[in-house]
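# Descriptive structure summary
What follows is each chain in one-letter form.
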Protein chains: 2
Amino acid sequence: MKKFEHYSIIKQLLRWTILVFPIAILTGSAIALFLWLLNQAIHYRFGHQWLLFLLPAAGIVIYFLYRLFGKNSEKGNNLIIDEIREHGEGIPKRMAPLILLTTIITHLFGGSAGREGTAVQIGGSIAAMFGRWFRLNESDTRVMLTAGIAAGFGAVFGTPLTGAIFALEVLAIGSIRYNALFPALMASIIADITVAAWGIHHTAYHIDIIPHQIYFMSDLLPVDLLLIIKVIVAAIAFGLASFIFSGMVHEIKVILGKVIPIKWLIPVAGGMIIIGLTYINGNQDYLSLGVDPQYPGAITIPSAFHAGGADTWSWLWKTIYTTTTLASGFKGGEVTPLFYIGATLGNTLSQLLNAPVSLFAALGFIAVFAGATNTPLACTFMGIELFGGEYALLFAIACFTAYLFSGHSGIYSAQTIIVPKF
Amino acid sequence: MKKFEHYSIIKQLLRWTILVFPIAILTGSAIALFLWLLNQAIHYRFGHQWLLFLLPAAGIVIYFLYRLFGKNSEKGNNLIIDEIREHGEGIPKRMAPLILLTTIITHLFGGSAGREGTAVQIGGSIAAMFGRWFRLNESDTRVMLTAGIAAGFGAVFGTPLTGAIFALEVLAIGSIRYNALFPALMASIIADITVAAWGIHHTAYHIDIIPHQIYFMSDLLPVDLLLIIKVIVAAIAFGLASFIFSGMVHEIKVILGKVIPIKWLIPVAGGMIIIGLTYINGNQDYLSLGVDPQYPGAITIPSAFHAGGADTWSWLWKTIYTTTTLASGFKGGEVTPLFYIGATLGNTLSQLLNAPVSLFAALGFIAVFAGATNTPLACTFMGIELFGGEYALLFAIACFTAYLFSGHSGIYSAQTIIVPKF
């Protein structure tokens with residue numbers, strides 16, 4: 001490398017900082033609006049529980065919104081991953097408002113879904129729009145789209161480093177390439193700052209101080225070997241939960257498609273199943289996002305961090321609710337339900353394994369997500385950004401073990417396999 | 001994926017845990033011995049400063065040790081990287097004892113070098129030995145060697161997660177593949193535990209609590225934008241320091257080879273330059289490892305974390321000392337000197353940029369190393385493992401920026417470029 005090449009790197013970095021700036025600001029602002037609306041919708045439903053009965057009708061509305069205005073944006077996250085790999089039909093501008101609107105509808109009427117799909121699609125479609133305006137070539141457009149994913153993901157969860165790594169890691173299974181890292185990092189930082197500047201706050205999770213246990217040679221050894229073994233056992237369960245989740249979304253979609261020939265009736269059926277499940281359960285804990293409690297004592301993600309904060313089978317209920325909701329055409333994404341499934345499963349396993357409950361809830365939170373999206377590195381960073389660096393080693397062990405046990409499919413069918421898992 | 005395939009993954013994981021177990025235990029024990037001997041050698045030299053005058057003679061001994069017994073092990077870390085990429089002439093067993101002995105000699109007589117080269121070569125050569133005993137096929141041998149690197153690196157610095165990521169990331173520039181991750185993680189954890197079980201402790205570094213600064217919208221924004229800009233500016237300097245370091249090792253080697261036709265005289269010349277530099281300096285601060293202080297007030301890595309703990313040009317002095325030491329044939333590796341260069345440069349830059357000194361020393365510590373070895377992800381984790389997760393985002397920004405500015409060569413010439421930096 002010649003000396004003056006350093007100037008060209010600086011030029012590149014400045015160029016990308018300028019290019020991603022408007023995308024990150026706009027994505028961050030859209031995410032702030034989305035998070036605010038989402039919060040309004042969720043709390044409105046808490047006060048008006050009958051809204052759940054309109055879920056089947058809401059499903060029809062979402063179906064026809066996509067049918068009439070959607071073009072190819074129904075493909076969602078997979079479309080963005082596809083476009084980064086190989087330029088195809090392009091990402092339409094309408095993707096952003098459509099996914100925002102339909103996600104709010106899903107949550108207002110009690111569908112069990114997430115918000116990362118919405119965030120990624122808002123970021124991706126804004127990035128695609130600016131890419132066309134800036135007349136970028138194909139390779140620069142890919143970097144731009146990656147930055148859009150990073151901005152959306154980093155902003156929606158308040159985790160900029162995770163957003164950037166997720167955007168690079170989600171594109172393929174088994175490897176990560178560094179080419180778009182600087183633009184992605186810039187975009188997610190700026191988008192995260194934008195959300196905060198709008199006054200929107202993220203949920204704070206805490207791992208309680210874990211009681212110091214006396215174990216074999218504990219004065220000498222830096223880690224608790226028994227704890228590591230427990231983490232690996234739990235992580236195998238987390239990986240299997242991801243595997244079940246991904247498989248069920250796929251299977252339920254196939255079955256509904258076969259049983260119900262009229263397409264707009266599929267979300268009606270999905271909505272009715274959710275209503276039926278809620279009657280069986282007797283409570284609305286597994287509806288919607290699962291972050292804020294509907295009533296004191298409800299099972300939520302934060303409650304799962306404490307002993308008694310989840311039922312033994314909460315993770316399975318949430319799996320059934322969410323896979324039914326998403327497979328029948330409702331919108332929002334999978335990640336927050338995966339957090340819920342992981343945290344509640346971690347809660348259950350901590351009792352079986354006699355392990356610290358908040359630590360295992362945190363491990364489940366990140367590991368089920370790592371398995372289902374095939375992004376173990378991003379999830380390790382998410383653990384560090386959300387819960388602190390003290391348990392970084394355990395986060396990595398849990399995420400990579402769950403990743404190995406989640407199978408090759410995952411929730412994003414557009415991912416290509418670069419390095420097989422086994 | 002069929003259901004029963006999960007059993008085969010468990011089988012694979014158990015198989016690898018068993019395979020890496022003896023390697024990790026043996027590597028960890030060898031590293032414990034090495035760290036103990038190194039500490040003895042360094043403190044013996046502190047009490048016997050005249051040993052420095054024997055550095056040229058020590059260089060001759062090292063030269064002939066490799067000439068007579070070395071076979072191809074002189075190639076060091078590059079040989080291991082080469083063998084993982086493509087099976088060649090093989091890694092000889094003698095590599096481990098030779099590098100251990102010659103590193104101790106280098107430090108006993110005041111050569112400015114590190115210890116990660118030694119650790120990686122001990123791990124790699126032990127892994128190669130067991131690979132032959134177990135009659136592993138080529139692809140399994142590669143995984144085994146990667147686990148050997150992880151064990152050595154994780155054990156010598158007490159950072160198991162970093163060790164595993166480093167072993168995967170160091171193999172190529174611009175990408176990381178996940179295939180050997182589980183064995184590497186197991187190996188580095190077990191090796192780290194082994195070192196601790198032998199009663200060997202690692203240096204603890206601390207980032208002081210950083211005074212809360214009032215900045216633009218500081219109540220609302222999650223990060224300090226001005227601080228991020230300062231980090232990027234500093235990281236460009238860290239990257240350039242890596243670039244200068246890698247270039248100088250190469251150039252000095254070429255020049256010495258041209259000027260001095262008799263090969264065994266090259267380390268003599270190198271040793272005499274180090275003696276001359278020490279006279280010019282008037283102190284022995286830049287000799288050897290630079291971790292423990294030779295006298296109260298000496299400039300060391302820990303001292304660089306405090307205001308006044310490094311001179312303005314300490315980083316340049318250490319660069320000259322270390323590149324001369326290594327280019328003339330002494331042994332030990334580059335990483336601890338790179339920590340030293342980074343921490344002292346961070347100390348200097350913190351004054352120029354009016355930034356927190358301990359934070360910028362920590363950033364330099366990891367970022368100069370990230371640039372010189374092209375392992376930004378491993379170095380981000382190293383920052384988290386050594387200094388805590390609170391500044392994970394800044395660690396990542398610093399490591400990836402330095403990585404972009406360090407050029408394509410780095411200190412390991414065997415690295416192949418998968419994704420160019422610009």
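Residues numbered from 1 in each chain as written. Chains lettered and ligands numbered in written order. Predicted model: local features only at pLDDT ≥ 70, side-chain atom pairs only at ≥ 80, totals over all residues. Heavy atoms only, no water.

### Describing the relation of the copies chain A and chain B
Placing chain A over chain B gives an RMSD of 0.0 Å and needs a rotation angle of 180 degrees, together with 0.0 Å of translation along the axis. Expressed as a symmetry operation, the mapping of one chain copy onto the other fits a two-fold axis. Within chain A, G389 of chain A has its C-alpha nearest the rotation axis, a separation of 1.9 Å. Same-surface contact between copies: 100% of interface residues of chain A are shared with the interface of chain B. (Least-squares fit on C-alpha atoms with pLDDT ≥ 70 in both. Contact = heavy atoms within 4.5 Å.)

### Some words on the interface of chain A and chain B
Counting residues at the interface gives 56 residues for chain A, matched by 56 residues for chain B. Here chain A packs against chain B, burying approximately 5000 Å² in sum over the two surfaces, 85% of which is carbon and sulfur. Between the two partners, chain A and chain B, sit zero salt bridges. Listed by contribution, the elements that provide at least two residues to the side of chain A that touches chain B are α1 (5–47), α7 (160–169), β2 (175–177), α8 (181–197), α9 (225–259), α14 (376–387) and α15 (392–405) of chain A. For the side of chain A that touches chain B, the class distribution of residues is 42 nonpolar, ten polar and four charged. Direction of pairing for β2 of chain A relative to strand β2 (residues 175–177) of chain B: antiparallel, over a ladder of three bridges. Among the inter-strand pairings, I176 of chain A is bridged to a residue of β2 of chain B, identified as I176 of chain B. (Buried area = accessible area lost by both parts, 1.4 Å probe. Salt bridge = Lys/Arg side-chain N within 4 Å of Asp/Glu carboxyl O. Helix = DSSP H or I, 4+ residues; strand = E, 2+ residues; numbered from the N terminus. Nonpolar A, V, L, I, M, F, W, Y, C, P; charged D, E, K, R; others polar. Pairing = 2+ DSSP bridges.)

### Points about α8 of chain A
Residues and elements named next belong to chain A. Look at α8: 24 Å from first C-alpha to last across 17 residues, which is about the 24 Å you get at 1.5 Å a residue. Across the 17 residues that make up α8, a large majority, 16, are buried. G199 sits one or two residues past α8 and shows a positive phi near 85 degrees. (Expected span 1.5 Å × (residues − 1). Buried < 20%, exposed > 50% of the residue type's maximum accessible area, 1.4 Å probe, protein only.)

### Looking at the environment of P293 of chain A
Residue and element names in this part refer to chain A. With respect to the element layout, P293 can be found in the loop between α10 (265–281) and α11 (314–327). For P293, a relative accessible area of 45% corresponds to the partly exposed category. Along the sequence, P293 and R94 sit 199 residues apart, while their C-alpha atoms lie 33 Å from each other. Among all residues touching P293, those that are not within four sequence positions of it are F46, A298 and T300.

### Concerning the packing of aromatic side chains
Applying the stated criterion across every chain yields a total of 47 aromatic pairs over all chains. An aromatic cluster is present here, built from F153, F157, F166, F305, F339, F365, F369, F387 and F395 of chain A joined pairwise through their rings. Of note, K331 of chain A hangs over the ring of Y66 of chain A, and the distance from its end group to the ring centre comes to 4.5 Å. Sitting over the ring of Y340 of chain B, K318 of chain B keeps its end group 4.8 Å from the ring centre. (Phe/Tyr/Trp six-rings, centres within 6.5 Å; stacked < 30°, edge-to-face > 60°. Lys NZ or Arg CZ within 6 Å of the ring centre and 35° of its normal.)

### Overview of α15 of chain A
All names here are of chain A. Here α15 is 14 residues long and its end C-alpha atoms lie 20 Å apart, about the 20 Å a rise of 1.5 Å per residue gives. Counting buried positions along α15 yields 14 of 14 residues, so the element is predominantly enclosed. In the stretch just after α15, G407 is the one whose phi turns positive, near 80 degrees.

### Considering unusual backbone geometry
The phi dihedral of N354 of chain A falls on the positive side, at around 55 degrees, and the residue is not glycine. Considering the arrangement of structural elements, one finds N354 of chain A in the loop between α12 (335–352) and α13 (357–373). Its identity as a non-glycine residue notwithstanding, R135 of chain B has a phi of 50 degrees, on the positive side. Structurally, R135 of chain B is set in the loop between α5 (116–133) and α6 (138–157).

### Quick notes on the pattern of salt bridges
Residue and element names in this part refer to chain B. Following the criterion strictly, the structure yields ten salt bridges over all chains and no others. A salt bridge links E89 to K75; the nearest nitrogen and oxygen atoms lie 2.7 Å apart. You can see E89 sitting in the loop between α3 (77–85) and α4 (95–108) and its partner K75 sitting in the loop between α2 (55–69) and α3, a full 14 residues away along the chain.

### Details of the packing of α9 of chain A against α15 of chain A
Residue and element names in this part refer to chain A. Across the interface, α9 lies against α15 with an axial gap of 7 Å and an inter-helix angle of 40 degrees. Taken together, the axes of α9 and α15 are oblique relative to one another. For the pair α9 and α15, the sense of crossing is right-handed. Facing L227, I228, V231, I232, A235, I236, F238, G239, L240 and F243 of α9, the residues of α15 in contact are L394, I397, A398, T401, A402 and F405. The residue makeup of the contact of α9 with α15, split by class, is 14 nonpolar, two polar and no charged. (Axes fitted to C-alpha atoms, helices over the stretch in contact; angles between N-to-C directions. Parallel < 35°, antiparallel > 145°, perpendicular 65-115°, else oblique. Left-handed = near helix turned anticlockwise from the far one by under 90°.)

### Considering the state of the cysteines
Scanning the entire structure with this criterion turns up zero disulfides over all chains. Cysteine C399 of chain A shares no disulfide, and the gap to the nearest cysteine sulfur, in C379 of chain A, comes to 5.1 Å. (Disulfide = S-S within 2.5 Å.)

### Quick look at the domain arrangement of chain A
Residues and elements named next belong to chain A. Domain annotation of chain A identifies domain 1 (5–197) and domain 2 (225–417). Look at where the C-alpha atoms of domain 1 and domain 2 centre, and you get two points 21 Å apart. The interface is formed by 53 residues belonging to domain 1 together with 53 residues belonging to domain 2. Across the interface of domain 1 and domain 2, roughly 4500 Å² is buried in total on both sides, 65% from carbon and sulfur atoms. When residues of domain 1 are sorted by the area they lose upon contact with domain 2, S112, E169 and I173 head the list and together hold 17% of the total. On inspection of domain 1 and its partner domain 2, the count reaches 30 residue pairs in polar contact (both at pLDDT 80 or more). Broken down by element, the side of domain 1 that touches domain 2 gets its largest block of residues, nine residues, from helix α2 (residues 55–69). Taken together, the residues that form the side of domain 1 that touches domain 2 break down as 27 nonpolar, 19 polar and seven charged. (Domains from an automatic or database assignment. Polar contact = N/O pair within 3.5 Å; in protein donor to acceptor, adjacent residues only side chain to side chain.)

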